[in-house]
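# Architecture at a glance
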Amino acid sequence: MSLLENPMHPGEVLKELYLDPLEMGAIAFARRLGVPRTRIERLIKGMTGITPDTALRLARVFNTTPEYWVNLQTNHDMARAAKEIDVSDIKPLVAA
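Sequence order sets the numbering: in each chain, residues are counted from 1 along the sequence as written. Reporting in this predicted model follows two pLDDT cut-offs: at least 70 for local features of residues, and 80 or more for side-chain atom pairs to be given and counted; totals over whole chains, interfaces and linings ignore these cut-offs and use all residues. Hydrogen atoms and water are omitted, and side-chain values are computed over all heavy atoms in the structure.

## Digging into the overall build of the protein chain
The condition that has to hold: Labels follow the DSSP assignment, with helices taken as runs of H or I lasting at least four residues and strands as runs of E lasting at least two, numbered in each case from the N terminus. Here the globule rule reads 2.2 Å times residues to the power 0.38, and the radius of gyration is calculated from C-alpha atoms. The classification of residues rests on relative accessible area computed with a 1.4 Å probe and restricted to protein chains. Under 20% of the type maximum is buried, over 50% is exposed, and intermediate values are partly exposed.
From N to C terminus, the protein chain includes 5 helices and 0 strands. Computed over the C-alpha atoms, the radius of gyration of the protein chain is 16 Å, more than 25% above the 12 Å expected from 2.2 N^0.38 for a compact globule of 96 residues. If you line up the protein chain on its principal axes, its C-alpha atoms span 60 × 25 × 20 Å. For the protein chain, buried positions account for 27% of its 96 residues.

The following block contains the structure:
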């Protein structure tokens, strides 16, 4: 299965590509961002997603863009929904 079919949760990206190399834990990182530690802990565990507020903060601290973080979330959500939602019985509309 490719990454496009099964994209990582943005919390997993945050942990594996950013926090682990910095050897920074969720509590210290939450303090750095000025957010509750539970927000980062839940994000890393995949229990919550990226909000616009979090995307802005992550973009600032890592010199990325908010869109990068929001797109990670969107890609993850769409891949998950595509596996769970059956739309095969919906007929497309065709203009006359």
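There's plenty left to go through after this.
## Concerning the pattern of salt bridges
This is how it is decided: Each reported salt bridge corresponds to a side-chain nitrogen of Lys or Arg within 4 Å of a carboxyl oxygen of Asp or Glu.
Under the defined criterion, the tally for this structure stands at 5 salt bridges. Here Asp-20 and Lys-15 are joined by a salt bridge, their closest N and O atoms 3.0 Å apart. Judged by its relative accessible area of 38%, Asp-20 falls in the partly exposed class. In this structure, the salt-bridge partner of Arg-37 is Glu-41, at a minimum N-O distance of 2.6 Å. On the criterion of helical spacing, the pair formed by Arg-37 and Glu-41 is a turn pair, its members being 4 residues apart in helix H3 (residues 37-44). Within this structure, Arg-39, Asp-53 and Arg-57 form a network of salt bridges that share partners.

## Side note on a nonpolar patch on the surface
What counts here: Distance thresholds for patches are 9 Å for like charges and 5 Å for nonpolar side chains (Val, Leu, Ile, Met, Phe, Trp, Tyr), applied to residues having over 30% relative accessible area and no salt bridge. Surface exposure here means Shrake-Rupley accessible area, sampled with a 1.4 Å probe, where a residue is shielded only by the protein chains that are shown.
On the surface, a cluster of nonpolar side chains totalling about 300 Å² of accessible area is made up of Ile-85, Val-87 and Ile-90. Along the chain, the position of Ile-85 falls in the segment after helix H5 (66-84). Note on Ile-85: relative accessible area 53%, which makes it exposed.

## Observations concerning the side chain of Thr-54
The condition is simple: Counting of polar contacts relies on pairs of N or O atoms within 3.5 Å, with two restrictions inside protein: one atom must be capable of donating a hydrogen and the other of accepting it, and residues adjacent in sequence are counted only when both atoms are side-chain atoms. Here, residues are in contact when the closest pair of their heavy atoms is within 4.5 Å.
Tracing the backbone through its elements, the reader meets Thr-54 in helix H4 (residues 52-62). What makes Thr-54 buried here is its relative accessible area of 3%. At 3.0 Å, the side chain of Thr-54 forms a polar contact with the side chain of Arg-39. For Thr-54, the contacting residues outside a window of four places in its chain are Arg-39 and Leu-43.

## Topic: the side chain of His-9
By secondary structure assignment, the location of His-9 is in the segment before helix H1 (10-22). A polar contact is formed between the side chain of His-9 and the backbone nitrogen of Gly-11, at a distance of 2.9 Å. A polar contact is formed between the side chain of His-9 and the backbone oxygen of Thr-48, at a distance of 3.1 Å. What His-9 contacts, discounting residues up to four positions off in sequence, is Leu-43, Gly-46, Thr-48, Gly-49, Gln-73 and His-76.

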